[in-house]
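Working through the structure, step by step
Spelled out, the chains give:
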Amino acid sequence: MTALDDRPTAEIGRDRRRKEDQRLITGRTRWTDNIQLPGMLHLAMVRSPFAHARIVSIDTSAAKQATNVVAVITGQEVAEEQGALPNAWPITPDQVAPAHPPIAVDRATFAGEIVAVVAARSAAEARDAAELVDVEYEELPAALDLKDAAAATPENGGVIAHPDLGTNKSALWVFDSAAAGTGGDVEAAIAKARTDGIVLEREYRQQRLIPAFMEPRSCVVDPTGEQITMWSATQIPHILRFLLAAVTGVSESKIRVIAPDVGGGFGGKLQSTPEEFIVFLLARRLGKPVKYTETRSESLVSAHHGRDQWQKLTLAAERDGTVTGFKVELLADLGAYVALVGGGVPVLGAFMFNAIYKFPAYHFACQTVLTNKTWTDAYRGAGRPEATFGIERIMDELAAEVGVDPLQIRQKNWITHEEFPFTTVAGLTYDSGNYEAATARAREMFGYDELRAEQAARRESGDPVQLGIGVSTFTEMCGLAPSRVLGTLDYGAGGWEAASVRMLPTGKVEVVTGASPHGQGHETAFSQIVADRLGVPFEDVEVLHGDTQVSVKGLDTYGSRSLVVGGEAVVRAADKVIEKAKVIAAHLLEASEGDIEFSAGRFAVRGTDQGVGIAEVALATFAAHNLPDGVEPSLDSDAVYDPVNFSFPHGTHLCAMEVDTETGELTMRKYVACDDIGNVINPLIVSGQVHGGLVQGIAQALWEEAVYDESGTLVSGSFVDYLLPTAADTISFDIDHTTTPATSNTLGTKGVGEAGTIASTPAVVNAVVDAVRHLGVNDVQMPCTPERVWKAIQGGDPATRGAAMPHFGDADGAQGNQEEPGAQSTEGAAQ
């Protein structure tokens, strides 16, 4: 295989406008909801208004009599045939997981759960008829508060989300460095630090978020052909096809799944949804094409949510700030059901809480908990933003405790560039990185020293508007892929990716990828890679994707894996094309294969001016008039790539926030991001990914939160109350990158899709806290609204201090050792 640095490059590293954009911005797209089929029926869902209720009866008679209604279906009617939604990641052998029927049968377990379905000849008629379905409910107590749900038992009278299970605790997943042989005993490290060092105990809240993708979920199923064809606004057409076959018993060969243009996902479409299974079921039952497109309100209340954790962190350090141990205890809210990979999302954070730091000892315990709220699953970053937030917040606390600059405490503890590859206390091996270079560049761009001087002057003058500087030095595990690693974690699938490269007789190239884009720019980036690899014009490369009939193998798009895994598969397929063409080129040039060199799309005989272009070889191969004996007349090549390791992008983000101490008003002054994502294929795409990620992470820090009332109703169920930022709410960000190529793939790439979201949230919150730390504030619960900031300054908001969270590190998750509310700091008695 030819290394990237050994090839002349014209496309890789070049700003290219995305091939996809012209049709996207001119409305020549094909969203799932645009699909119209002859005789197609439309569905409307009847959803429970209660968080927890017994379904006493459902009267569908009035709905069935409504205009153009074809069918009304309840869960009882299809209980035997609808199956249950799959959970692909049982994180422990004893995980407690309730069955998740697409249509509730006898009990609704969250507000928004489907209890009946109406099929009619138009969407409007279906919605009108759905309002005529009369459901009698017996409302039941709902488990809503995460901590209360974790502590609840039948014996103590606590509310159980699924009473038949007898517990709200789904699974306890534990990693311990001493037990794993990757580090020391964290309890010993903490005990020693209590005597002659520093112990910090903090509790942080990761609020519940909603992915809020642009295009609502939509699904169309046509059962009338030789195959059952599903169009779905999904991130995972290949996985969805497998899950449909596994649950329904229909052969995979009889199911075709197409993800047409998909308007964003952010993990929110990394799911097999009740609606997809219902559309599939009713299309087969009725023998007609069926469509369902959710409303925005339905999307917010019933599409899966993200985050929702309490984090209890204990950090041990020497008096000079050298870290010696880190203990992480999580409560993670699953919602009403264990989603496709929902139980595993917080577990991904286990490998990232140690971040870029050299912890000698580490312990991680995550208790997943069932509640009567919308189920949770992956949301941009999936476990890694939560981990980065926790470690970067407490590293700032350590700096404050020691009395040094936050950058200084990080430099004292991070892995230096000379130490790579480095095996962490969590057991992963980081292959490359240079935290010093990224931090130095970010500091220079930010004007760090000047802003610190301004901050000091404002403190000295008693300015009511104080300046805070936030730091986030992060890394993440990208390219969710190594199948053997996923197997050790009991993940239900592999992580490989497939690609095919076809040389057409005209010299044009078709690339077929198993990655399935929803806004990332796959068609452009993969075209650049193949254009460079094969030496053909960028415009002559077409990328096909998102259709299981066209791309028969694939594991789709999530976890920043498309380029580092899917792109590498494309490279390997292209290299096979070159090797095949080389044999034919040598024959055409009447030369030894060993004397043939390939460069910039041309095969040449070494030391001569004799040569032939790859397009000419493609045509000669198609004609097959003059091929070597035994050589097939085809250059088309396939490759499946399964990495042996993740990739590890990193970066330093710096944020300056102004806080009005009299009103709590927040103003972002400056934001700088310097990321190291390895070699860059298309800087323009990278900039878009970073900017978009930054806004999402900043939004968690300042604006977004899914809020339920005391009855379990989502009160932030529209964009009036769920605050998504617009361009008017943000500033222009200053971004740059340093480069240490990944060693785990030929391209040297690391992944960028989630970097901005992972790094920005702690940078912003650290800046807010830094602005008012001198006023006695060491935390503001997200989102940091002006009201919460003002109350924190006044010392009157419990949300700024947190509440006690129980220990749950024993095997059965028993509660005990309750602590008083509040963040604590303990220095050694000798001090």
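Look up a bit, the structure's there.
Residues numbered from 1 in each chain as written. Predicted model: local features only at pLDDT ≥ 70, side-chain atom pairs only at ≥ 80, totals over all residues. Heavy atoms only, no water.

A word on the pairing of strand S15 (residues 362–370). Moving residue by residue along a regular strand, the side chains alternate between the two faces of the sheet. When you tally the buried positions in S15, you get 9 out of 9 residues, the bulk of the element. One ladder, built from 7 bridges, connects strand S7 (residues 169–176) with S15; its direction is antiparallel. By the bridge assignment for S15, valine 174 is matched with alanine 365. (Buried < 20%, exposed > 50% of the residue type's maximum accessible area, 1.4 Å probe, protein only. Helix = DSSP H or I, 4+ residues; strand = E, 2+ residues; numbered from the N terminus. Pairing = 2+ DSSP bridges.)

This next bit is on the nonpolar core. Ranked by internal contacts, the top residues of the largest apolar core, which has 96 residues, are Phe326, Tyr362, Phe364 and Tyr671. The element best represented in this core is helix H20 (residues 755–772), accounting for 8 residues. In this structure, phenylalanine 364 is in contact with Trp173, Val174, Phe175, Val328, Leu330, Pro346, Val347, Gly349, Ala350 and Phe353, ignoring residues within four places of it in sequence. In terms of nonpolar packing, the next biggest core, distinct from the first, is built from 45 residues, Val541, Val564, Ala574 and Ile584 among them. (Core = buried A, V, L, I, M, F, W, Y, C linked by side-chain atoms within 4.5 Å. Contact = heavy atoms within 4.5 Å.)

Taken in spatial order, the 3 strands make up an open sheet running S22-S23-S24, and their pairing is antiparallel. For this open sheet the edge positions go to strand S22 (596–599) and strand S24 (611–613), each flanked by a neighbour on one side alone. The mean angle between the axes of side-by-side strands here comes to 20°, regardless of whether they run parallel or antiparallel. As defined by bridge partners, S22 adjoins strand S23 (residues 602–605) across 4 bridges and the pair is classed as antiparallel. Residue pairing across strands places glutamate 597 opposite alanine 604, the latter belonging to S23. (Axes fitted to C-alpha atoms, helices over the stretch in contact; angles between N-to-C directions.)

On to the packing of aromatic side chains. The full count for this structure, using the stated rule, is 18 aromatic pairs. Their ring planes at 65° and their centres at 6.2 Å tell us that tryptophan 173 and phenylalanine 351 sit as a pair that is edge-to-face. Highlighted residues: tryptophan 173 in strand S7 and phenylalanine 351 in the loop between helix H10 (345–348) and S15, separated in sequence by 178 residues. Neither tryptophan 173 nor phenylalanine 351 differs from the other in exposure class; each is buried. (Phe/Tyr/Trp six-rings, centres within 6.5 Å; stacked < 30°, edge-to-face > 60°.)

Here 3 strands make up an open sheet; going across it, the order is S4-S2-S6 and the pairing antiparallel. In the strand order of this sheet, the two ends are held by strand S4 (107–108) and strand S6 (134–139), each with one partner. For strand S2 (residues 53–59) and S4, the ladder comprises 2 bridges, and the chain directions are antiparallel. By the bridge assignment for S4, alanine 53 is matched with alanine 108.

All right, on to the packing of helix H19 (residues 683–702) against H20 then. Interaxial distance between H19 and H20 falls to 7 Å at its minimum, and their mutual angle equals 40°. The pairing of H19 with H20 is recorded here as oblique in orientation. Handedness of the crossing formed by H19 with H20: right-handed. Listed contacts from H20 to Val690, Gly693, Leu694, Gln696, Gly697, Ile698, Gln700, Ala701 and Leu702 of H19 are Gly756, Thr757, Ser760, Thr761, Val764 and Val765. Residues of the contact of H19 with H20, tallied by class, amount to 7 nonpolar, 8 polar and no charged. (Parallel < 35°, antiparallel > 145°, perpendicular 65-115°, else oblique. Left-handed = near helix turned anticlockwise from the far one by under 90°. Nonpolar A, V, L, I, M, F, W, Y, C, P; charged D, E, K, R; others polar.)

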